[in-house]
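Here's the letter readout for the chains.
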Amino acid sequence: MLEVRNLHARVEGKEILRGIDLAVGAGEVHAIMGPNGSGKSTLAQVLAGRDTYEVTAGEVLYKGQDLLGMAPELRAVEGVFLGFQYPVEIPGLNSLYFLRAAVNAVRTHRGEEELDAVDFMALAQEKMKAVEMGEDLLRRPVNAGFSGGEKKRAEIFQMTMLEPALAILDETDSGLDIDALKVVAHGINLFRSPERAIILVTHYQRLLDYVVPDFVHVIQNGRLVKSGGKDLARQLEDSGYAWVEEEAGEGSGLGERGPAA
Amino acid sequence: MELDNELVGSEYKYGFVTEIEADHVPPGLSEDVVRLISEKKGEPEWLLDWRLKAYRYWVKLEKSEAEPKWANVRYPAIDYQSIIYYSAPKAKKDAPKSLDEVDPELLATYEKLGIPLNEREALAGVAVDAVFDSVSVATTFKDKLADMGIIFCSFSEAVREHPELVRQYLGSVVPYSDNFFASLNSAVFSDGSFCYIPKGVRCPMELSTYFRINAAQTGQFERTLIVADEGSHVSYLEGCTAPMRDENQLHAAVVELVALDDAQIKYSTVQNWYPGDKDGKGGIYNFVTKRGKCAGRNSKISWTQVETGSAITWKYPSCILQGDGSIGEFYSVAVTNNRQQADTGTKMIHMGRNTRSTIISKGISAGHGQNSYRGLVKVLKGADNARNYSQCDSLLMGSECGAHTFPYLEVKNNSAHIEHEASTSKIGEDQIFYCRQRGIKEEDAVGMIVNGFCREVFRELPMEFAVEAQKLLGVSLEGSVG
């Protein structure tokens, strides 16, 4: 589904990604872990098409197409979803109206008919239950006055409404208490399917107790320095990132890849 | 209310010129021109006298260079002797008695502007008075309204048919000596709309006037007078467009509203005069005096304006809250893009007891646009328990534009309760990227964000016009981000 090859990217002249290789297949859940400033969020943003980051080398194939050549909105309607670490507030813009525009953009792209307000509401009410979203929240402007947990739940709710093929969730677990974390994890697990791939970008092991990944990658200084199964996350939790750094220094595991898509 | 979000073509699409033979007076202003206008309209002596008083007053003002200079706008001096003060499409007969007699070229013009004057095709529930350059060319649904005692006609007709009403209220809210442009208008005003709602009547449809400047070198000086008698309700709309021309054209209108006991007037404007080109060439100078008087107890006047056009906008729709318990409201969206300038706001004058006012102003600046909010809240000595809430928000798009806020407060009564909030924000790349990541195109995203910003004002507009306003905003701001 997704193949990242030797991806380099920089912001304001500073190189953040320094040769990322990653292959994600349908049905897989990949966790990307790493210390602060390692390039985790940059990778997520670059994949979504944020133009503050300049891609200097490498390529990304999504379903065999050149992802980096696509506008952000095209990536979105083609099925790439980014769950934001800090979802932005848009005062005055009704959440439901916004989400209907988004859902209909995807549907139009697929050659499906747009949903009218009634059908859209019916769908929204069904999906809301999974993430325990109150309808009152959706009657408010986009993310306006939402608590941290509400914003993250709203992101997961949007994901389930948009039904992307590839969901990149950027620190969706940060700032959540344990109950909210369980709700969010439940939403993600319901979303898992053999046709879909998920990339979980996270700092902590915590989320991975509830959403068990197929692969875990460690990113450091803009490179994937170690990859493994779900146990790798636990090792990191116990021993921190320092031992990976030492190993990476010896050259093992550099650029290691998951199975081909 | 959910609004359709659709962005239309980026060009000013009302910029065409109608080829029609016109009857106009030579350029320039003199006592003779004022007399000629009055004569052409067959006006009674008292009105000519009023015009002449206004003219003489204006001459004094001009000599003492009393053209207002305090607004935060810049423009070269206007040569008042180069303007044509009266231009009317030549009628085949005297005045058209019905729509069948209106020049088909004119009907086609309004059709093209999306304002069908044919009653069968007209927007259901909206009666239209169409003003073309200096004269009203048609008024729809007049008979239907007349059955309820509502008078809705051109100003000229009102002078002929209802002189007592016109004489009683003309200049009662905006006297001819009010300000430079109001004096000029009082001397040379040619037409406009008149509306009277009798006691206890709720007007069953929106009344609207559609102003069109067509002729070159011509100024438009219309006057609108609306009187809502005791317990009556009316909702009134105005729209305006003009051809694209390289020279600036002056539009100096006066609007007076009078609300008697328990009466309510809602006045909405969607102003889309030609704004000039990208470099600021051409466009309308929109120097307008609008004021309403809540003369009666518990009366209410509400102004809603969406100002997207004009090279320069200078207007302050205001409320004099004279009656005890009366309410004034001002909801405004003003957009300035490219080289447009706007200095707009309101005055709320609290005179009666328990009077309340609300001001919601949204300024949007893009390109090199300069946008100023200027508002006065004045509470007089006798105005016990006056309340005002003001909110002024500015949205900046790009780094070359400007937003300015000039709130003035004069309170002479300690029981007044006044709140003022202001904010300035920049349309965020974060917001646009968030929308695009959800599959929404950049221009639609900008439209949605801006419309969200304006929501509190748009929801005050009648439905069809809210949609229209939203489209206009999209057109005005197209290409401003990125």
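Along the backbone of chain A there are 9 helices and 12 strands. By its C-alpha atoms, chain A is 60 × 40 × 35 Å across when sized along the principal axes. For chain A, buried positions account for 55% of its 261 residues. For chain A, restricting intrachain contacts to residue pairs at least 6 apart in sequence, the fraction spanning at least 24 positions comes to 69%. For chain A, the accessible area works out to roughly 10700 Å², and carbon and sulfur atoms hold 47% of it.

The subject of this paragraph is the sheet that holds strand β5 (residues 65-66) of chain A. The strands making up a sheet associate through hydrogen bonds between their backbones, and the pairing can be parallel or antiparallel. Within the open sheet, the 4 strands sit side by side as β2-β1-β4-β5 (chain A). Their pairing is antiparallel. Every other strand in the sheet has two partners, leaving β2 (14-24) and β5 of chain A as the edge strands with one partner each.

Residue and element names in this part refer to chain A. Of all 6 residues in strand β11 (residues 215-220), 5 are buried, a share of seventy percent or more. As defined by bridge partners, strand β3 (residues 29-33) adjoins β11 across 4 bridges and the pair is classed as parallel. What sits directly across from His-30, in β11, is Phe-215. Sheet topology note: the β11/strand β12 (residues 223-228) ladder contains 5 bridges and is antiparallel. Each residue of the ladder has a partner; that of Gln-220, found in β12, is Arg-223.

Let's shift gears to unusual backbone geometry. With glycine set apart, most residues show a phi of negative sign, and most peptide bonds adopt trans. Residue and element names in this part refer to chain A. Positioned with a positive phi, Asn-143 is a non-glycine residue whose angle comes to about 60°. In this fold, Asn-143 is placed in the loop between β8 (141-142) and α6 (148-162). A relative accessible area of 1% places Asn-143 in the buried class. Even without being glycine, Glu-171 reaches a positive phi, approximately 50°. One can find Glu-171 in the loop between β9 (166-170) and α7 (178-191).

Among the structural elements, His-8 of chain A can be located in strand β1 (residues 2-11). Sequence-distant contacts of His-8 of chain A, that is, excluding residues within four places in its chain, are made with Glu-15, Leu-17, Arg-18, Gly-19, Glu-54, Val-55, Thr-56 and Ala-57 of chain A.

Residue and element names in this part refer to chain B. Between helix α2 (residues 45-63) and helix α7 (residues 180-188), the least distance of the axes is 7 Å, while the angle of their chain directions is 145°. Crossing of α2 against α7: the hand is left-handed. Here Trp-50, Arg-51, Ala-54, Tyr-55, Tyr-57, Trp-58, Leu-61 and Glu-62 of α2 lie close against α7, whose contacting residues are Phe-180, Ser-183, Leu-184, Ser-186, Ala-187 and Val-188. Classifying every residue of the contact of α2 with α7 gives 10 nonpolar, 2 polar and 2 charged.

When pLDDT is averaged along chain A, the result is 89; 94% of the residues meet or exceed 70. Of all helices and strands in chain A, the one with the weakest mean pLDDT is helix α9 (residues 242-249) of chain A (69), whereas strand β6 (residues 80-83) of chain A scores best (98).

Leu-2 and Ile-199 of chain A together with Ile-364 and Val-450 of chain B are the most contacted members of the largest nonpolar core, which totals 116 residues. Once you skip the residues sitting within four places of it in the chain, Ile-199 of chain A turns out to touch Leu-2, Leu-22, Val-24, His-30, Ile-32, Leu-47, Leu-166, Ala-167, Ile-168 and Leu-169 of chain A. Counting residues in hydrophobic clusters, the runner-up holds 33 residues, among them Val-25, Tyr-55, Ile-78 and Ile-312 of chain B.

This part takes up the pairing of strand β10 (residues 197-202) of chain A. Residue and element names in this part refer to chain A. Counting buried residues in β10 gives 6 out of 6 residues, a clear majority hidden from the surface. Burial along β10 is two-sided: Ala-197, Ile-199 and Val-201 facing one way and Ile-198, Leu-200 and Thr-202 facing the other are all buried. As defined by bridge partners, β9 adjoins β10 across 5 bridges and the pair is classed as parallel. Within β10, the position partnered with Leu-166 by the bridge is Ala-197.

So, how was this worked out
Residues numbered from 1 in each chain as written. Chains lettered and ligands numbered in written order. Predicted model: local features only at pLDDT ≥ 70, side-chain atom pairs only at ≥ 80, totals over all residues. Heavy atoms only, no water. Helix = DSSP H or I, 4+ residues; strand = E, 2+ residues; numbered from the N terminus. Buried < 20%, exposed > 50% of the residue type's maximum accessible area, 1.4 Å probe, protein only. Contact = heavy atoms within 4.5 Å. Areas by Shrake-Rupley, 256 points an atom, 1.4 Å probe, with all protein chains shown as cover. Pairing = 2+ DSSP bridges. Axes fitted to C-alpha atoms, helices over the stretch in contact; angles between N-to-C directions. Left-handed = near helix turned anticlockwise from the far one by under 90°. Nonpolar A, V, L, I, M, F, W, Y, C, P; charged D, E, K, R; others polar. pLDDT = per-residue confidence, 0-100. Core = buried A, V, L, I, M, F, W, Y, C linked by side-chain atoms within 4.5 Å.

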